[in-house]
Amino acid sequence: MPKYIVVAGGVMSGVGKGVTTASIGKILQEHGYKVTAIKIDPYINYDAGTLRPTEHGEVWVTDDGGEIDQDLGTYERFLNVDIPKRNNITTGQIYKTVIDKERQGEYLGQTVQFIPHIPNEIKRRIKEASNNYDFVLVEVGGTIGDYENIPFLFALKSLERDVGKKNLTYVLITYLPIPSHIEEMKTKPTQQAIRLLSESGIFPDFIICRAKKPLDVVRKKKIETYANIASDNVISEPDIETVYQIPLDLEKEKLGEKLLKEFEIKSKKSPNWSEWKKLVENILNPKKNIKVAIVGKYTDIGDYNLADSYISINQALIHAGASLNARVEINWLDAKMFENDKKSSNDLKNYDGIIVPGGFGASGVEGKINAINYARINKIPYLGLCYGLQLAVVEFARNVCGLKDAHTTEVNPKTSAPVIDVQPAQRQILEKSMFGGSMRLGAYASILKEKSRMLKLYEDVGRVKDDEKRIQELMKDKSQAFRIGLLEKNKKVVLERHRHRYEVNPKYVDLIEKNGMVFSGYYIRGDNTKLMEYIELPKNDNFFATQAHPEFKSRLGNPSPLFYGFVKNCNK
Ligand code: GLN
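Residues numbered from 1 in each chain as written. Predicted model: local features only at pLDDT ≥ 70, side-chain atom pairs only at ≥ 80, totals over all residues. Heavy atoms only, no water.

## Some points on the overall build of the protein
Alright, step 1. Assigned secondary structure in the protein consists of 22 helices and 21 strands.
Alright, step 2. Summarising its shape, the C-alpha atoms of the protein cover approximately 75 × 60 × 45 Å along the three principal directions.
Alright, step 3. For the protein, the proportion of its 572 residues judged to be buried stands at 59%.
Alright, step 4. The contacts in the protein between residues at least 6 apart in sequence include a share of 75% that link residues at least 24 apart.
Alright, step 5. Carbon and sulfur atoms form 50% of the exposed surface of the protein, whose accessible area is close to 24,700 Å².
Alright, step 6. Averaging the coordinates of the 83 positive side-chain charges in the protein and doing the same for the 74 negative ones gives two points 3 Å apart. (Helix = DSSP H or I, 4+ residues; strand = E, 2+ residues; numbered from the N terminus. Buried < 20%, exposed > 50% of the residue type's maximum accessible area, 1.4 Å probe, protein only. Contact = heavy atoms within 4.5 Å. Areas by Shrake-Rupley, 256 points an atom, 1.4 Å probe, with all protein chains shown as cover. Lys, Arg positive; Asp, Glu negative; His and termini not counted. Charge placed at Lys NZ, Arg CZ, Asp CG, Glu CD.)

So, in structure tokens, the structure goes:
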């Protein structure tokens, strides 16, 4: 039977509950256990697909096409595993399932009530996601005391009864403020969080104390007395420079050993942190500094939300940098800067590389195209991600193929050269205004051309083998196999996640290739339609882009091939 670790947060949000949960998972993995993590989001939205990224942070895409809160991304980045969409549970999903079941008569005339039906559905979902794992981390979103948390805490208390207390442990993550006018670390908010949690019948077995500074013995003792747990189980987690330090810091407090002791089990193997330590050391003290410009539309995002809205790109650059012993300094440049003014494009020469990330709509598009043009002509390393591929194709069609009016129909539906367009099957869905259903979402296979630069990039980081294995695994499930697409015999194939509506228009592929751009990878849909996935310029190793979002598959120690190749190019 799996063992559960329930992680809840007290005092306030934004103290790093997700990274702490992921770090606990990483520690247990190092002790030889098979780990997964579940995120509970108490909001009523069915999933994060409709949430505004500028408010809520980036939408994370899973292999199986889920649009999820970014915490699942944190788990994958730390645990180096693919986590399915069922590991995200929202209030909306729970109620929808219960109401659907009621409509289908599954409750056989019972009165359907909050208790027991809602907690039972929550438990069913948790158990379903726990199959075949040694440890399951369940992170409860929000902060203890939020009204919307109550059903979930109730369900977890009930899960405790189902599986027995020896198979379930509670971890409370709190924050200890140090008000500047007294310069003293205060434990009172933590005491109150403990009390609030006890109102749900839950008493923490571990308390992890986030704070600016390490916790001293006096405060550990104070919390010990208040929470009635050994001060050994009061763990200090001070601020750090990189989140990847957290597992190492928690291990200094022997959290792994203490957790296993709580469950009365032993390590399956002795942890080996040497590789992880080396990567963290490279993040903290890199040999080189690389300056990258990310040209996007940022005007409606405040400074504070910027990094969160692009967290996966940010992390993918950190991962590539860590493997190459370089720090990647990100400069967010508003595409509008490059719209009319050639001089501004010249500013781009101050950067070692340029990225055009994913995006939607017309805002800043001409600026992005100008920036891509500058990168191509001046051979500045370029990485295009999704919209960044589409606009690179538009730029090339206009300036090399002579199709002056070339555009994506997302911006100019009347263009005489629609090099990027919605494909017929998707158009039908769009016409019915079913925007949610019209996206290409989740993992799709791409066949990579022999001798292409792209194939070399994937082989360089050992991804071809890994992806082939993962494709075989996913293919076992019919609904997954359909999306992943068709494969070709003896051809190298890789897997990346997607989130977009428009495609390179197949009618222009030959013309563009004749002019020197190579489509180095393609997807084959069930009806044999080929969709272009990668571009590269054989005469310019510094220039490539993908229709996918490879940032969703980047992990520390297992960087994305495209980001790795890009940072390497920047480092030349
Ligand atoms: N707007 C483009 C499309 O829908 C690109 C989307 C993206 O970059 N994620 O196809």
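## Here's the deal with the sheet that holds strand E17 (residues 493-500)
Backbone-to-backbone hydrogen bonds pair the strands of a sheet. The strands run either parallel or antiparallel.
Alright, step 1. Across the sheet, which stays open at both edges, the nine strands sit in the order E11-E10-E12-E13-E21-E20-E19-E16-E17 with mixed pairing between neighbours. Every interior strand has two partners, whereas the edge strands, strand E11 (326-334) and E17, have only one. Going across the sheet, the axis of each strand differs from the next one's by a mean of 25°, ignoring polarity.
Alright, step 2. Two elements, strand E20 (residues 530-537) and strand E21 (residues 540-546), share four bridges in a ladder whose sense is antiparallel. For Glu536, the partnering residue across the bridge sits in E21 and is Phe544.
Alright, step 3. Running over the sheet, helix H13 (residues 311-324) touches strand E10 (288-296), E11, strand E12 (353-356) and strand E13 (382-385) and is turned about 150° from E11.
Alright, step 4. The strands that helix H16 (residues 387-399) touches are E12, E13, E17, strand E19 (518-524), E20 and E21; relative to E13, the one it contacts most, it runs at about 115°. (Pairing = 2+ DSSP bridges. Axes fitted to C-alpha atoms, helices over the stretch in contact; angles between N-to-C directions.)

## A word on the pattern of salt bridges
Alright, step 1. Counting across every chain of the model gives 47 salt bridges.
Alright, step 2. Taking the shortest distance from any N to any O, the salt bridge between Asp69 and Lys39 comes out at 3.5 Å. Of the two residues, Asp69 is situated in the loop between strand E4 (67-68) and helix H3 (71-79) and Lys39 in strand E2 (residues 35-41); the sequence distance between them amounts to 30 residues. Accessibility classification places Asp69 together with Lys39 in one group, the buried group.
Alright, step 3. Residue Glu184 is joined to Lys186 by a salt bridge in which the shortest nitrogen-to-oxygen separation is 3.6 Å.
Alright, step 4. Lys186 sits in the partly exposed class, given a relative accessible area of 31%.
Alright, step 5. Salt bridges here are not isolated pairs; linked through shared partners, they connect Asp63, Glu76, Asp82, Arg470, Glu473, Arg497, Lys553 and Arg555. (Salt bridge = Lys/Arg side-chain N within 4 Å of Asp/Glu carboxyl O.)

## Here's the deal with the site of the ligand
Alright, step 1. Around the ligand sit Gly358, Gly359, Phe360, Cys386, Tyr387, Gln390, Glu410, Arg499, His500, Arg501, Tyr502 and His549, and those are all the residues in its vicinity.
Alright, step 2. Gln390 places a side-chain nitrogen or oxygen 3.0 Å from an oxygen atom of the ligand.
Alright, step 3. Arg501 places a main-chain nitrogen or oxygen 2.9 Å from an oxygen atom of the ligand.
Alright, step 4. Within the complex, 98% of the 300 Å² of free accessible area of the ligand lies under protein.
Alright, step 5. Where the shell around the ligand is concerned, the elements lending two or more residues are H16 and E17. (Near = heavy atom within 4 Å. Polar contact = N/O pair within 3.5 Å; in protein donor to acceptor, adjacent residues only side chain to side chain.)

## Side note on the sheet that holds strand E5 (residues 88-90)
Alright, step 1. In spatial order, the strands read E5-E2-E6-E1-E7-E8-E9; together these seven strands make up an open sheet with parallel pairing. Taken across any chain shown, the strands that pair with only one partner, and hence form the sheet edges, are E5 and strand E9 (234-238). Recorded for the sheet is a direction-independent mean angle of 20° between the axes of neighbouring strands.
Alright, step 2. Where helix H5 (residues 114-130) meets the sheet, its contacts fall on strand E1 (3-9), E2, E5 and strand E6 (135-140), and the angle it forms with E2 comes to roughly 155°.

## Some thoughts on the pairing of strand E8 (residues 206-211)
Alright, step 1. Counting buried residues in E8 gives six out of six residues, a clear majority hidden from the surface.
Alright, step 2. When strand E7 (residues 168-176) meets E8, the two strands line up parallel, connected through six bridges. Its bridge partner lying in E8, Leu172 is registered against Ile207.
Alright, step 3. Crossover handedness for the path E7 to helix H7 (residues 188-198) to E8: right-handed.
Alright, step 4. Pairing between E8 and E9: five bridges, direction parallel. Within E9, the position partnered with Ala211 by the bridge is Pro238. (Right-handed = clockwise from strand over helix to strand, strands pointing away.)

## Describing the packing of aromatic side chains
Here a ring pair, both rings aromatic, is described through the centre-centre distance and the interplanar angle of the planes.
Alright, step 1. Scanning the entire structure with this criterion turns up 10 aromatic pairs.
Alright, step 2. With a centroid separation of 5.3 Å and an interplanar angle of 90°, the aromatic rings of Tyr33 and Phe135 are classed as edge-to-face. Note that Tyr33 is positioned in the loop between helix H1 (17-30) and E2 and Phe135 in strand E6, a separation of 102 residues in sequence.
Alright, step 3. With relative accessibility at 1%, the residue Phe135 sits in the buried group.
Alright, step 4. Ring pairing ties together the aromatic residues Tyr33, Phe135 and Phe263, which thus form one cluster.
Alright, step 5. Positioned above the aromatic ring of Tyr351, the side-chain terminus of Lys291 is 5.3 Å from the ring centre.
Alright, step 6. In this structure, Arg440 packs its charged tip against the face of Tyr444, placed 4.7 Å from the ring centre. (Phe/Tyr/Trp six-rings, centres within 6.5 Å; stacked < 30°, edge-to-face > 60°. Lys NZ or Arg CZ within 6 Å of the ring centre and 35° of its normal.)

## Remarks on the nonpolar core
Alright, step 1. Ranked by internal contacts, the top residues of the largest apolar core, which has 53 residues, are Val295, Leu348, Tyr382, Val393, Val419, Ile512 and Ile535.
Alright, step 2. The element that contributes the greatest number of residues to this core is H16, accounting for eight residues.
Alright, step 3. In this structure, Ile535 is in contact with Leu389, Ala392, Val393, Met454, Met517, Val518, Phe519, Ser520, Phe543, Phe544 and Ala545, ignoring residues within four places of it in sequence.
Alright, step 4. Core analysis: the second largest hydrophobic core is formed by 45 residues, Val7, Leu28, Tyr75 and Phe78 among them. (Core = buried A, V, L, I, M, F, W, Y, C linked by side-chain atoms within 4.5 Å.)

## A word on the side chain of Arg483
Alright, step 1. As for its placement among the helices and strands, Arg483 is situated in helix H20 (residues 478-484).
Alright, step 2. Despite its burial, Arg483 remains without a salt bridge, the nearest opposite charge being carried by Asp64 at 6.4 Å.
Alright, step 3. If sequence neighbours within four positions are ignored, Arg483 has contacts with Asp63, Asp64, Gly65, Leu441, Gly442, Ala443, Tyr444 and Tyr523.

## Some words on the environment of Pro42
Alright, step 1. Topologically, Pro42 is positioned in the loop between E2 and helix H2 (53-56).
Alright, step 2. Taking the C-alpha atoms as reference points, Pro42 and Leu79, 37 residues apart in sequence, are found 24 Å from one another.
Alright, step 3. With near-sequence residues (within four places) excluded, Pro42 lies in contact with Thr91, Gly141, Glu148, Asn149 and Phe152.

## Describing the environment of Pro204
Alright, step 1. Residue position: Pro204 is located in the loop between H7 and E8.
Alright, step 2. For the pair Pro204 and Glu237, spaced 33 residues apart in the sequence, the C-alpha separation amounts to 17 Å.
Alright, step 3. Not counting residues within four places of it along the chain, the set of residues in contact with Pro204 comprises Tyr170, Leu172, Leu197 and Ile229.

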